Amino acid sequence: MQLRAVSLAVFASVLLASCSQSPTGRSQLMLMSPQQLDKMGEQSYQQMQQELEINTDEQTNAYVQCVSDELIDTLPEPYRSADWEITVFADDAANAFALPGNNIGVYNGLLDVAENQHQLAAVIGHEIAHVIAQHSNERVSSNMMVGLGMQMGAVLAETQLDDSTAALAMAALGVGAQVGVLLPYSRAHESEADKLGLRYMAAAGFEPAEAAQLWRNMAANSEGQAPPEFLSTHPHPGSRIDAINNYLPELQVASRSPNCQP
Ligand SMILES: [Zn+2]
C-alpha cells in the first residue's frame, strides 16, 4: 500500500512538471526535451534523404526555398533564426513534411497539386506549425505514458516487466529512432496546425484563402484513385475547408507580397 502511494506521488509529479501550453493555448504533456526531439527528427530526415531520390533541379529548389524563406521570416524565435534545411524529393506523392530539428521535405507530386506559391505556402506553413507546436513531443510523450502506465501497473501488481513492455517504453523514449516522428497526427493537432499555418501565411503576405483551394485540389486529385499520401495521414478536406473559411476573417494579411516563381 505504501509502495502504491509513493508510485502515485511520483506519477503525479511527472505530470505536474511536464504540462505546458501550445501556441493556441491547448495544454500539452511534454516529457521529452526539445533537444531529444530534434535528434529524432534529424535522424529520420537523414534516413529519408538516403532512401528517396532527391530532386536537384535548380529552379524547383529555388521556388520551394523561396516560399519556405518567406514563411520562416515570420516565425517566432528561435525558429526564425534557425538554420532550416529544405529538400525536394523526386517522388510523385503529393506530400510534404517538417520535422523537429528544422527540416522540411517537399515531394514533386505536391508541386503538381499546389497551383501557385500561396498554395505551396499553405502546406509548408501547416507542416512547420506541427514542429513549432511541438506535436511530436506530445505524441511521443503520450506513448511514454502508455509505457509508464504499464510499468506502474506492473509495480502495483508487484510483478516483473516483460520484454515487450520494456521495448515499448524504450521505443517511446526514442531509442527506436523513427518512433512517433512520421506517424499521422491527431485531429486536435491537425486543426491547430491549420490555424497556425494560416497565421504564418498571412504574416508572410500569402493569400490564406488559397489554403482552401489547395485542399479542394487535393480532394479532386484523389478522386477515382488512391488518395495522395498527404491525405491518407490528414483528415478529409471537406471538414478542414469549412474550418479554414471560418478562420479567414480573423486573419490580417501583411502588406508585403512574396513573388516566388515556380
Ligand atoms: Zn498535418
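Fair warning: this is a prediction, and the values are worked out from it, not measured in the lab.

### Some details on the overall build of the protein
Then, number 1: Helix and strand counts for the protein come out as eleven helices and five strands.
Then, number 2: Relative to its full complement of 262 residues, the protein shows a buried share of 35%.
Then, number 3: Residue pairs in contact within the protein that sit at least 24 positions apart in sequence constitute 72% of those at least 6 positions apart.

### What to know about the sheet that holds strand S5 (residues 103-107)
Then, number 1: Here three strands make up an open sheet; going across it, the order is S3-S5-S4 and the pairing mixed. The sheet is open, and its two borders are formed by strand S3 (85-89) and strand S4 (96-99), each paired with just one other strand. Mean inter-strand twist for the sheet, computed between neighbouring axes without regard to direction, equals 15°.
Then, number 2: Bridging between S3 and S5 involves five bridges; their strand directions are parallel. Bridge pairing in S5 places Phe89 opposite Tyr107.
Then, number 3: The sheet strands contacting helix H3 (residues 58-72) are S3 and S5, and the helix crosses S3 at an angle near 140°.
Then, number 4: Along the sheet, helix H5 (residues 117-132) contacts S4 and S5; its crossing angle with S4, the most-contacted strand, is approximately 30°.

Parameters and conventions
The residue numbering used here restarts from 1 in each chain and proceeds along that chain's sequence as written. In view of the model being predicted, local features appear only for residues whose pLDDT reaches at least 70, and side-chain atom pairs are presented and counted only at 80 or more, with totals across whole chains, interfaces and linings using the full set of residues. Secondary structure counts use DSSP, requiring at least four H or I residues in a row for a helix and at least two E residues in a row for a strand, with both numbered from the N terminus. The burial label depends on the number of other C-beta atoms within 10 Å of a residue's C-beta. Counts of 20 or more mean buried, 12 or fewer mean exposed, and intermediate counts mean partly exposed, with C-beta atoms placed from the backbone. Once C-beta atoms are placed from the backbone, any two residues with those atoms within 7 Å are in contact. Note: two strands are recorded as paired if DSSP finds a minimum of 2 bridges between them. Angles shown run from 0 to 180 degrees and are taken between the N-to-C directions of axes, each axis being a line fitted to C-alpha atoms and, for helices, limited to the stretch in contact.

In short, shape yes, function no, at least from these values alone.
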